[in-house]
Amino acid sequence: MPERSVLVALPYSSHVGMLADDIAVTAGRAAKSAAGDRTDVTRYESLCSQLEMLAWEAAVDGAPQLALPETPAGPALPVAVEHLVDPLGSGLLSRLPEPAAELARGWLADGHLVVNVTIPLQAGARRDDPPAGVAVDVAERWEAPNGEEGAQAVEARFRALLASAVDGGTGEPIRPSGVHNRVLAQVLREYVVGTPDTRVDVPVAYRDGSTATHPFPLRCLPLVDVVPDEPDILLHLALLSIRHTEMDTIVDGAWLRNAEVSRPRPAAQTDDLVYEKSLSELDTLTNSGRRSVLLHIYQTGLDTAVVGFYRAVTAHLLRHPGSLSVVPMFAVVGRPGSAQPTRFHPDSPWTTEGRT
Amino acid sequence: MSTATANADVVRSLGGVYASAWSPATQQVLYSPDTFGFGHDLVRGRSSLADLLPGDLASALLPLAIVDEASLACAVVQPIETGDAVLHPGLVVRVFLSAVDPGHQFAVLDTDPYLYVASLEAELAARGPGLDRVLDEIGVAYEQAYLKPGKRPRDFVVRPVRIACQNVIVALGAIAQDSTFDGLSVPAWQTCEVPHVATHEANRALAALTLCDAFARGGTMEIRFDRPASVMLDSRRITYSGHAEMQVPASLRRFGRARGIAVGAEDPAAITPREARDLFLAVTPMPVDLRARAHRAVTRHGLRPERACYTLLSQMWRDIELDLLLATSDRASSILAGGANWTDRTARQAESDAARAALMAGMYLRRLDGRDSAFAGVTDGVRVVEDTSLGVSWTIDEETSTVDFHLPSPMAPPWSDAITAAATETLTVAPRVHVSDADLALLRSRNGAVLLPHDVAAPPYMDVTVLRCPDRLADLDKAIEAKLLAARISRA
């Protein structure tokens, strides 16, 4: 399984110059695009392929080239051009060994583009085959300790995961997939209660194998059950738009747009998206903790959205205690989507005392 | 085990068969000596075998039960040599009464006569309630709630499964993801043997489908047969306490024994995650080389066996494609998991080239292996569109990243730009996007060909045969992107 990486000095022309510019611009756009949106990523990769093919053809025709001892890894454009800023990092040349980088700088000074082409299917630098013994073990079975069934069993399983993560200190992630949104919010709240001294950051992994970028801070907040009587802002919001339209008559709006959140992508990316967006919105809404905000959140059952949102609430309250109160609202009569009118019941709030 | 001990075990097992009290349904299919007064006459059964098989073979088999209208289950009472294998006394094999491919004759049904008949007893007892459950309740409820309104079911919904071969239903089941144990619950599982389908194929197919669903739902891969499930039919809730047998179905355990896999051994009511892994590997067809490469990827590169099996069974990557990826790229695990981050262009380049080569090799195999039944001189009669494969096989040279296609008869390589390309039985092909001098030297020495995307220029002074894939580079990349996306969200 050989893999070879070469640097090619591609003679500058307006065509390849424009191609390199397009690659840089598209990479910048792709880096800013929403999680799971592959439109610009696909375009970026297509442009890169075109440039790499041109570089390879030039190499076959005798253009200067240098075989690299190792494949350069990490985020970077596959091309270096004089005055081109790499939007992905410090650039191709910074990832090369110094002799190769020096040669490449010479090529750039001579008016060439430097393109990195990696060819996996031919003789060349071979990677070391890793040793045996990295086989992934099967998942652990879980059995309800007290014979719980149905929703109680799901709750017991999630509670056991949290307890193990918090008390065991094993670094094992919690796995919210398949857990009812009410259970998620209630059990997470229980485990968020604590003080900054007892804080434990727990990774969050989903059943598709993806792990959220941000761990969930647990045992970190002195949550209280009292919400402010006269907040500066009071809003009733559905967690996700469109999902349950019967909520529309009782909410002021939706916290998240379903069209942005419910896209085919690894679950952890959705969690990240919801967390980052919510954290930013909460900061704006509370004017960085200077305003008191009370949100009634009418929940829907997307585990990634629930976890991402309440992680953001927790992080916000850690930064700006007392500036935010979130009251989860759960359907208690009639199921969302059924013919029966749905009524919602408030649950224990996520809030702390002491606005700074 | 000595032959004498083996024979004693067979006699003891057969004694258990004839001395036990079986239900009328089981008795209807059993052969027994006249003195036991139930089932079919064993003497007549033996004479039927004697009419069908050579004398020594017929005397090595004892009819045990009727499998279907065209085959019998027979206990092996003396060793039988079948080409590359020896059937030892005690095995229960299927004897077809009509002409079949020799590979299917004497297929192992079970490892012990008594266990076989006991499994029939359990299977037949649950068959009626199981069929009623799937056909009259679960299937109808699913149609009302999801098929007619065109609604997509959530993963916890009880979903019916039906597997048919040539319009004959061979397997029925019902599955649902169960968050109480983070695994798959199976309230219905029914299979049968039919004359035109290979032995245990219904079990294999339903097991494969069930395991794929368990993988796709993202749970622990535990599959339980004793968990309650319910459906709504005509506004009425019907609740099942579990599978009708309340344990791993007898037919599935029998399949496991025939394949040498423990199923339901750790917990009689469940296939545990470890058993599921073994079963998944057993039900996933893989050529020998691919199986060895998958094993290496599992032990050295951290590839999950379940992902390799799911990849093949879902056709996300086909067997030759996966074989080439595993053989030629250290990045195969990453590709199967959805690919490296796009910002790491070096990794993505390497992955892309490996994936493009795999995709082109797969397309070329299908082109080589497919027989055009409309063209092949068939001008009258029924046109058969099933299984038009010619039987082309392949081997992959890991050092040179080339594929040797082994053709059943000499054939001029298709997609060739050389009209006069010589017919050959073994064709060495290097699927490439970037062709190096080393590739050309190798192909010259082996009289091989390079397989390129439609729009990739061949190197100048090319003196080896060029095969042109009909797809352009962008087409290949689009197909690969779809596969990578499917891999990234397959366990959602």
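Quick notes on the rules
Sequence order as written defines residue numbering, which begins from 1 separately in each chain. Lettering of chains starts at A and numbering of ligands starts at 1, both following the order in which they are written. Reporting of local features is limited, given that this is a predicted model, to residues whose pLDDT is at least 70; pairs of side-chain atoms are given and counted only at 80 or more, and all residues count toward the totals for whole chains, interfaces and linings. Hydrogen atoms and water are omitted, and side-chain values are computed over all heavy atoms in the structure. Where helices and strands are cited, they refer to DSSP runs of H or I of at least four residues and of E of at least two residues respectively, numbered from the N terminus. Computation of the radius of gyration draws on C-alpha atoms alone. For the globule rule, the value is 2.2 Å times the number of residues to the power 0.38. To sort residues, take the accessible area from a 1.4 Å probe on protein chains only and compare it with the maximum for the residue type: under 20% means buried, over 50% means exposed, and anything in between is partly exposed. It only takes one pair of heavy atoms within 4.5 Å for two residues to be counted as in contact. Within this scheme the basic residues Lys and Arg register as positive and the acidic residues Asp and Glu register as negative, but His and the chain ends are omitted. Taken as the charge centre is NZ of Lys, CZ of Arg, CG of Asp or CD of Glu, depending on the residue. Here, Shrake-Rupley sampling with a 1.4 Å probe gives the accessible areas, and only protein chains in the shown set may cover a residue. Any two strands between which DSSP finds at least two bridges are classified as paired. When a carboxyl oxygen of Asp or Glu lies within 4 Å of a side-chain nitrogen of Lys or Arg, that pair is called a salt bridge. On a scale of 0 to 100, pLDDT captures the predictor's confidence in every residue. Where each domain begins and ends is defined by an automated method or by a domain database. Buried area is calculated as the accessible area (1.4 Å probe) missing from two parts once they are joined, with the contributions of both summed. Think of a polar contact as two N or O atoms within 3.5 Å of one another; within protein, one of them needs to be a possible hydrogen donor and the other a possible acceptor, and neighboring residues in sequence only count if both atoms come from side chains. The classification used treats Ala, Val, Leu, Ile, Met, Phe, Trp, Tyr, Cys and Pro as nonpolar, Asp, Glu, Lys and Arg as charged, and all other residues, Gly among them, as polar. Defined by distance alone, a disulfide is two cysteine sulfur atoms within 2.5 Å. Stacked, tilted and edge-to-face are the three classes assigned to paired rings of Phe, Tyr and Trp, where Trp is represented by its six-membered ring and a pair needs centres within 6.5 Å; plane angles under 30 degrees give stacked, over 60 edge-to-face, the rest tilted.

Draft legend 1. Molecular detail of the overall build of chain A. Each helix and strand in chain A was counted, giving eight helices and twelve strands. For chain A, the C-alpha radius of gyration of 26 Å lies well beyond 21 Å, the compact-globule estimate for 356 residues. Its C-alpha atoms put chain A at 75 × 50 × 45 Å along the principal axes. When the 356 residues of chain A are sorted by exposure, 50% land in the buried category. Contacts in chain A between residues far apart in sequence, at least 24 positions, make up 72% of those at least 6 positions apart. Computed over 30 positive and 45 negative side-chain charges, the inter-centroid distance for chain A is 4 Å.

Draft legend 2. Looking closely at the overall build of chain B. Scanning chain B for helices and strands turns up 15 helices and 20 strands. Over its C-alpha atoms, taken along the principal directions, chain B stretches across nearly 85 × 60 × 50 Å. Taken across its 492 residues, chain B has 53% of its residues classed as buried. Of the accessible surface of chain B, which amounts to about 20700 Å², a share of 53% is contributed by carbon and sulfur atoms. The distance from the centre of the 48 positive side-chain charges to the centre of the 60 negative ones in chain B is 6 Å.

Draft legend 3. Region of interest: the pairing of strand β4 (residues 112-119) of chain A. Residue and element names in this part refer to chain A. Counting buried residues along β4, eight of its eight residues qualify, which places the element largely inside the surrounding structure. Judged by which residues are buried, β4 turns out to be covered on both faces: His112, Val114, Asn116 and Thr118 on one side and Leu113, Val115, Val117 and Ile119 on the other are all buried. With eight bridges connecting them, strand β1 (residues 4-11) and β4 associate as antiparallel partners. Of the residues in β4, the one forming a bridge with Pro11 is His112. Pairing of strand β3 (residues 79-80) with β4 involves two bridges; the strand directions are antiparallel. Each residue of the ladder has a partner; that of Ala80, found in β4, is Val114.

Draft legend 4. Structural detail: the pairing of strand β14 (residues 236-240) of chain B. Bridge analysis of strand β13 (residues 229-233) of chain B against β14(B) gives five bridges, and the strand direction is antiparallel. The partner of B:Ala229 across the bridge, within β14(B), is B:Tyr240.

Draft legend 5. How the structure looks around the pattern of salt bridges. Taken as a whole and assessed by the stated rule, the structure comprises 47 salt bridges over all chains. Across the salt bridge formed by A:Glu260 and A:Arg257, the nearest N and O atoms sit 3.3 Å from each other. Across the pair B:Arg217 and B:Asp213 runs a salt bridge, and its minimum N-O distance is 3.3 Å. Overall, B:Arg217 belongs to the partly exposed group, its relative accessible area being 22%. Here B:Asp213 falls in the buried class, since its relative accessible area comes to 10%. The network of salt bridges with shared partners includes A:Arg141, B:Glu222, B:Arg224, B:Asp226, B:Arg227 and B:Asp267.

Draft legend 6. Just the confidence of the model for chain A, in detail. For chain A, the mean per-residue pLDDT works out to 88, and 92% of the residues sit at or above 70. In this model, residues 123-127 of chain A is a region of pLDDT below 50 whose contacts with residues beyond four sequence positions or in other chains number 15 contacts.

Draft legend 7. Looking closely at the sheet that holds strand β12 (residues 223-224) of chain B. Residues and elements named next belong to chain B. Read across the open sheet, the five strands follow the order β9-β10-β11-β12-β15; overall the sheet is mixed. Either end of the sheet is taken by a strand with one partner, and the two such strands are β9 (159-165) and β15 (270-271). As paired elements, strand β11 (residues 183-191) and β12 share two bridges and run parallel to each other. Looking across to β12, one finds that Ser185 is bridged to Arg224.

Draft legend 8. Expanded view of the domain arrangement of chain B. Residue and element names in this part refer to chain B. When cut into domains, chain B gives domain 1 (3-110), domain 2 (125-283) and domain 3 (341-489). When each unit is reduced to the centre of its C-alpha atoms, the spacing between domain 1 and domain 2 is 29 Å. With eleven residues of domain 1 at the interface, the matching set in domain 2 holds ten residues. When domain 1 packs against domain 2, close to 830 Å² is buried across both sides, 54% of that on carbon and sulfur atoms. Looking only at domain 1, the three residues that lose the most surface to domain 2 are Arg94, Leu109 and Asp110, adding up to 50% of its buried area. One can count two salt bridges joining domain 1 with domain 2. With its nearest N and O atoms 2.7 Å apart, the salt bridge here joins Arg257 to Asp110. Applying the counting criterion to the domain 1 and domain 2 interface returns six residue pairs in polar contact (both at pLDDT 80 or more). Listing elements by their share of the side of domain 1 that touches domain 2, those giving two or more residues are β3 (61-68), β7 (92-96) and β8 (107-110). Of all the elements, β8 adds the most residues to the side of domain 1 that touches domain 2, at four residues. Its residues assigned to classes, the side of domain 1 that touches domain 2 comprises six nonpolar, one polar and four charged.

Draft legend 9. Just the state of the cysteines, in detail. Residues and elements named next belong to chain B. The final tally for this structure, using the stated rule, is zero disulfides over all chains. Looking at the unpaired Cys212, the closest cysteine sulfur is the one in Cys309, lying at 8.3 Å. Taking the relative accessible area as the measure of exposure, Cys212 reaches 13% and is therefore buried. The class for Cys309 is buried, based on a relative accessible area of 0%.

Draft legend 10. Inspection of the interface of chain B and chain A at higher detail. The interface of chain B with chain A comprises 66 residues on the first partner and 64 residues on the second. For the pair chain B and chain A, the summed buried surface comes to about 5400 Å²; carbon and sulfur atoms form 52% of the total. Where chain B meets chain A, there are ten salt bridges. When the shortest N-O distance is used, the salt bridge between B:Glu481 and A:Arg38 registers 2.9 Å. In this structure, the connection of chain B to chain A is made through 19 residue pairs in polar contact (both at pLDDT 80 or more). Of all the elements in the fold, those that place two or more residues in the side of chain B that touches chain A are α8 (273-283), α9 (288-301), α11 (319-328), α13 (345-369) and α15 (473-488) of chain B. Residue contributions to the side of chain B that touches chain A peak at nine residues, all from α13(B).

Draft legend 11. Layout of the packing of aromatic side chains. Overall, the coordinates contain eleven aromatic pairs over all chains when judged by the stated rule. When the centroid spacing of 5.0 Å and the interplanar angle of 75 degrees are considered together, the rings of A:Phe309 and A:Tyr310 count as edge-to-face. Classification of A:Phe309 by relative accessible area gives buried; the value is 0%. With a centroid separation of 5.4 Å and an interplanar angle of 35 degrees, the aromatic rings of B:Tyr142 and B:Tyr146 are classed as tilted. Of this pair, B:Tyr142 and B:Tyr146 both sit in helix α5 (residues 113-147), four residues apart, which is roughly one turn of that helix.

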